[in-house]
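Letter by letter, the chains look like this.
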Amino acid sequence: MVEIVLSVAAKVSEYLVDPAVRQLGYLFNYRANIEDLSQQVEKLRDARARLQHSVDEAIGNGHIIEDDVCKWMKRADGFIQNACKFLEDEKEARKSCFNGLCPNLKSRYQLSREARKKAGVSVQILGDGQFEKVAYRAPLQGIRCRPSEALESRMLTLNEVMEALRDAKINKIGVWGLGGVGKTTLVKQVAEQAAQEKLFEKVVTAAVLETPDLKKIQGELADLLGMKFEEESEQGRAARLYQRMNEIKTILIILDDIWAKLDLEKIGIPSPDHHKGCKLVLTSRNEHILSNEMDTQKDFRVQPLQEDETWILFKNTAGSIENPELQPIAVDVAKECAGLPLAIVTLATALKGEKSVSIWEDARLQLKSQTSTNVTGLTTNVYSSLKLSYEHLKGVEVKSFFLLCGLISQNDIHIWDLLKYGVGLRLFQGTNTLEEAKNRIDTLVGNLKSSNFLLETGHNAVVRMHDLVRSTARKIASDQHHMFTLQNTTVRVEGWPRIDELQKVTWVSLHDCDIRELPEGLQLKVLDLSRMQLPSLPFSLHCLTNLRTLCLDGCKVEDIVMIAKLKKLEILSLMDSDMEQLPREIALLTHLRLLDLSGSSKLKVIPSDVISSLSQLENLCMANSFTQWEGEGKSNACLAELKDLSHLTSLDIQIRDAKLLPKDIVFDNLVRYRIFVGDVWSWGGIFETNKTLKLNKFDTSLHPVDGIIKLLKRTEDLHLCELCSGTNVLSKLDGEGFLKLKHLNVESSPEIQYIVNSMDLPPSHGAFPVMETLSLNQLINLQEVCRGQFQAGSFGCLRKVEVKDCDGLKFLFSLSVARCLSRLEEIKVTRCESMVEMVSQERKEIREDAVNVPLFPELRHLTLEDLPKLSNFCFEENPVLPKPASTIVGPSTPPLNQPEIRDGQLLLSLGGNLRSLKLKNCMSLLKLFPPSLLQNLEELRVENCGNVEAEIVELGAGSAL
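Now for a description of the structure that goes with this document. Just so you know, these numbers come straight off a predicted model, no measurement behind them.

## Considerations on the overall build of the protein chain
Right, on to step 1. Helix and strand counts for the protein chain stand at 28 helices and 36 strands.
Right, on to step 2. Considering the protein chain as a whole, with its 961 residues, one finds that 51% of them fall into the buried category.
Right, on to step 3. Contacts spanning at least 24 positions in sequence make up 67% of the contacts within the protein chain whose residues lie at least 6 apart.
Right, on to step 4. Carbon and sulfur atoms make up 48% of the accessible area of the protein chain, which amounts to about 43800 Å² in all.

The structure is reproduced here in structure tokens:
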């Protein structure tokens, strides 16, 4: 947008030349001046028409057109009308002079002078018509919404918060109220409206919760900023986050659900007192925490809904309640929710579509007859509403699953934990395998989300539950005597429930507890003793003969031989343990279906034949754990033992050297896997797919492992490092074109000259049809990413490309490949010394019918750094196409569907959706990108790019850097 305005300013300056020269030029340039005016009027008319389209769309969305837009359109209309009349008069004057054969010099002088003057005015008007936005949302207080659209009290509070955000003197705002009253919903609306009104460059949010996890908070903020941490420590991540946030001119940070004073510096959040463009919105149940501990300047209380709004929300959620006999009962039911939207929505969802008056009557009776919960923060009204919603869940399975979710102590509920506990409790009826149980969990999670019992987190592996819902689930489970749970305490026998109650308990969870013994009479199916700090397990553990799931995550236990006596054990979790050797006696657990050793990085010894003895094993997780695999006949475990696990469907494993892989090993039954070959890989980060393979120093000619070759054809996330004996990734590993691959990372492989060569593909085969991300790093001899011509559909899903330290690469894509990248959203190229252009165009690739298709129509983010030879984004010398007619959007600005010709070069048309452009140390870059690419730009950073900087400064835009 800035560059468009600058090019207009440059054009205006052409009309302000030396007066003496100009006077004489009016006669000599008569025809050119008239033509120039005609073209400028045509451009202005086109710009006016485009703006009208935006105005019509905004009006259709109920938005109000900005005053300056209306004034500009009126001004443009008047000028166009006047200029067109002038051109008509000039045409008539020419006819009266015998079409110029007998010119009137005085008339020509006057007309030429007027045409030149009007052309300058036209350019000025066109430049004034570059608007960042044409309309704004109508103020919410002025909207008369139907009851189903907005609740008056909430809109009032929302408007007050927004008004405080607009106040330059206020940078810390608090929002407080009861649990379940709707604070989170309100600040989500604040974030949405602030983004729509463009009050800030960035709006980010994170949940703090009762037990803050600083790394998780940092991660949520980083995700919304589009950054990834390379640092592992909280301090390192905080410094990186702090640096990134300080780079943003204006930013709104929303921290939801604060329970105690929070040190913002430890997270990496800059103080608004130092970063003047930073504002904070904080939510809590306690006003004191906000005003006294977090130093908020203005606090807003979210009150429970009044009876009329309670009924509006309840009715809109439950659906039509037309039965006159039913309606007063439903109104009473709604009143019992105490005006808390969490309870209202959850209960209304549970009763939605219910027509029976007796069921509604029973619901009203249950709600009114509830007694005190004796649970801190859980009021009787909320508990009774949520409990009734629980009772209306359809089926025993989903009810049991709801209680299971509530019993997990962490803020985040990991699907992995639900699988371990649920299988042990036999919750998933009709499932025979862990994979079937996992699928059932996905179904049940969806059910509870639709019932408002579970919250989204943005990650499929994790869900979240509101703390009031969790408290309700725990109270229900405790009342039914099915569980016993404690945390951070010393457990004595006298602290356990009575023996008659213990006989009903099927699950005991004692996290971070000091426990010496277990009481007699337990018939447990699940026992969780995670993070127990004792040298040995309780002796009475061997009496739990019916135990199916045992979790000893993070324990310091030195001797776990006793576990071998639990013959019915199916799930054994030893995550993050300190043990150095797995007892040989584990081989006696022949019913074991899941063994989780992930994070046990000190584990060095697994006796041979232990793994092969676990013949029923379906899931073996050894992420960031045992790597000391040996050959057959040695004392330690060997990889050949995996061949005896015929039921294995899920495997996480790291192998130091590919030579240890048996040639005949197969993994045909694996549904999900993370297999790392080599010792350079890290297990950190989020795994977005079910099938990840990482290979270091892997050579198919030296390591002809059938299992790995077959896995490559199914892999979704592939990482390659120090690839050997081959110039082409694809031909060496999968000659069919990686049909399933979504993410490809290739690094530190000096022999690689290109990633894929079309000549190596079978006829009619495309390449990488579903690939979404491509990352290339330290491929010093890479000549081309994609060589040759490819079938339609190749690279069609590619969204992100990142290339770093590839010094032999002269261009990123050929024109033919670039045309395939219709979904590409992000390009980042850094430290490529030979890079001359992003898109290389050969004469044979340019066809007049193809140039009209913009390249990269979805490109949003472009970063080019440390590219000393980069001169152009995309060009060809001696273009084969003629200069297009005067169908130009603005001065020196081609429309998006036309190529632009400048100085004997063809600059191909590009999509105009770019939001972020960062240029650094590109000293050979000849010119700034065409304005057509930058019309929606929100962030522009240019550093040490001499020619481009000079161009901007010359046009009077030094402030844009």
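## Here we look at unusual backbone geometry
Right, on to step 1. The residue S748 is not glycine, and still its phi comes out positive at about 50°.
Right, on to step 2. Considering the arrangement of structural elements, one finds S748 in the loop between β23 (743-747) and β24 (754-757).
Right, on to step 3. Within the chain, N944 stands out as a residue other than glycine whose phi angle is a positive 55°.
Right, on to step 4. Within the secondary structure, N944 is located in the loop between β36 (939-943) and α28 (946-954).

## Looking at the packing of aromatic side chains
Right, on to step 1. Applying the stated criterion to the full structure yields 10 aromatic pairs.
Right, on to step 2. An angle of 70° between the planes, with centres 6.1 Å apart, marks the rings of F314 and W360 as edge-to-face. Of this pair, F314 sits in helix α12 (residues 307-318) while W360 sits in helix α15 (residues 357-368), placing them 46 residues apart in sequence. Here F314 matches W360 in class, with each residue buried.
Right, on to step 3. One aromatic cluster is present, built from ring pairs that chain together F738, F768, F790 and F795.
Right, on to step 4. Residue placement shows K399 over the ring face of Y390; its charged tip is 5.9 Å from the ring centre.

## Concerning the sheet that holds strand β3 (residues 172-176)
Right, on to step 1. The five strands are arranged β4-β5-β6-β3-β7 in an open sheet whose pairing can be described as parallel. If you trace the sheet from one side to the other, it starts and ends with β4 (202-209) and β7 (298-301), each paired once. For this sheet the average axis-to-axis angle between neighbouring strands, irrespective of direction, equals 15°.
Right, on to step 2. Two strands pair when backbone bridges link them, and β3 and β7 are joined in this way by four bridges, in the parallel orientation. Within β7, the residue paired with V175 across the bridge is F300.
Right, on to step 3. The strands touched by helix α7 (residues 183-196) are β3, β4, β5 (251-258) and β6 (278-284); relative to β5, the strand with the most contacts, the crossing angle is about 175°.

## Points about the packing of helix α14 (residues 341-350) against helix α16 (residues 380-391)
Right, on to step 1. The geometry of α14 relative to α16 is characterised by a closest axis approach of 9 Å and an angle of 25° between their N-to-C directions. Accordingly, the angle class assigned to the pair α14 and α16 is roughly parallel. For α14 against α16, the interelement crossing comes out left-handed. Of the residues in α16, those touching α14 at L342, A343, T346, L347 and A350 are S385, L386, L388 and S389.
Right, on to step 2. Here the residues of the contact of α14 with α16 sort into six nonpolar, three polar and no charged.

## What about the pattern of salt bridges?
Right, on to step 1. Taken as a whole, this structure holds 30 salt bridges when the rule is applied.
Right, on to step 2. When the shortest N-O distance is used, the salt bridge between E231 and R240 registers 2.8 Å.
Right, on to step 3. Judged by its relative accessible area of 36%, R240 is partly exposed.
Right, on to step 4. Two residues, K449 and E456, come together in a salt bridge whose shortest N-O distance is 3.0 Å.
Right, on to step 5. Judged by its relative accessible area of 25%, K449 is partly exposed.
Right, on to step 6. Within the structure, one salt-bridge network assembled from shared partners comprises K216, E220, D412 and R464.

## A short note on the pairing of β3
Every other side chain in a regular strand lies on the same face of the sheet, so the side chains alternate between the two faces.
Right, on to step 1. Of all five residues in β3, five are buried, a share of seventy percent or more.
Right, on to step 2. Of the two faces of β3, both are covered, the one formed by K172, G174 and W176 as well as the one formed by I173 and V175.
Right, on to step 3. Direction of pairing for β3 relative to β6: parallel, over a ladder of five bridges. Bridge pairing links V175 to T283 in β6.

## A look at helix α19 (residues 434-450)
Right, on to step 1. Helix length check: α19, at 17 residues, gives a terminal C-alpha distance of 24 Å against a target of 24 Å (1.5 Å per residue), a fit within 8%.
Right, on to step 2. All of the buried residues along α19 are L434, E435, A437, K438, I441, L444, V445 and L448.
Right, on to step 3. Of the residues trailing α19, N452 is marked for its positive phi of about 65°.

## Brief notes about the side chain of T649
Right, on to step 1. Locating T649 in the fold gives a position in the loop between β18 (619-621) and β19 (650-655).
Right, on to step 2. If we skip the residues at most four places from it in the chain, T649 touches E618, N669, L670, V671 and R672.

## Focus: the environment of E210
Right, on to step 1. Mapped onto the fold, E210 is located in the loop between β4 and α8 (214-225).
Right, on to step 2. Assessed through its relative accessible area of 45%, E210 is described here as partly exposed.
Right, on to step 3. Expressed as a C-alpha distance, the spacing of E210 and N411, which sit 201 residues apart in the sequence, is 7.8 Å.
Right, on to step 4. Setting aside residues up to four positions removed in sequence, E210 forms contacts with W259, N411 and R470.

## Considerations on the environment of K568
Right, on to step 1. Counting through the fold element by element, K568 comes out in the loop between β15 (549-551) and β16 (571-573).
Right, on to step 2. Taking relative accessible area as the criterion, K568 reaches 46% and is therefore assigned partly exposed.
Right, on to step 3. Taking the C-alpha atoms as reference points, K568 and L544, 24 residues apart in sequence, are found 9.5 Å from one another.
Right, on to step 4. Apart from residues lying up to four places away in sequence, K568 is in contact with T545, N546, L547 and R548.
Right, on to step 5. Here the side chain of K568 touches N546 through a polar contact of 3.1 Å, side chain to side chain.

Conventions used here
- Residues numbered from 1 in each chain as written.
- Predicted model: local features only at pLDDT ≥ 70, side-chain atom pairs only at ≥ 80, totals over all residues.
- Heavy atoms only, no water.
- Helix = DSSP H or I, 4+ residues; strand = E, 2+ residues; numbered from the N terminus.
- Buried < 20%, exposed > 50% of the residue type's maximum accessible area, 1.4 Å probe, protein only.
- Contact = heavy atoms within 4.5 Å.
- Areas by Shrake-Rupley, 256 points an atom, 1.4 Å probe, with all protein chains shown as cover.
- Phe/Tyr/Trp six-rings, centres within 6.5 Å; stacked < 30°, edge-to-face > 60°.
- Lys NZ or Arg CZ within 6 Å of the ring centre and 35° of its normal.
- Pairing = 2+ DSSP bridges.
- Axes fitted to C-alpha atoms, helices over the stretch in contact; angles between N-to-C directions.
- Parallel < 35°, antiparallel > 145°, perpendicular 65-115°, else oblique.
- Left-handed = near helix turned anticlockwise from the far one by under 90°.
- Nonpolar A, V, L, I, M, F, W, Y, C, P; charged D, E, K, R; others polar.
- Salt bridge = Lys/Arg side-chain N within 4 Å of Asp/Glu carboxyl O.
- Expected span 1.5 Å × (residues − 1).
- Polar contact = N/O pair within 3.5 Å; in protein donor to acceptor, adjacent residues only side chain to side chain.

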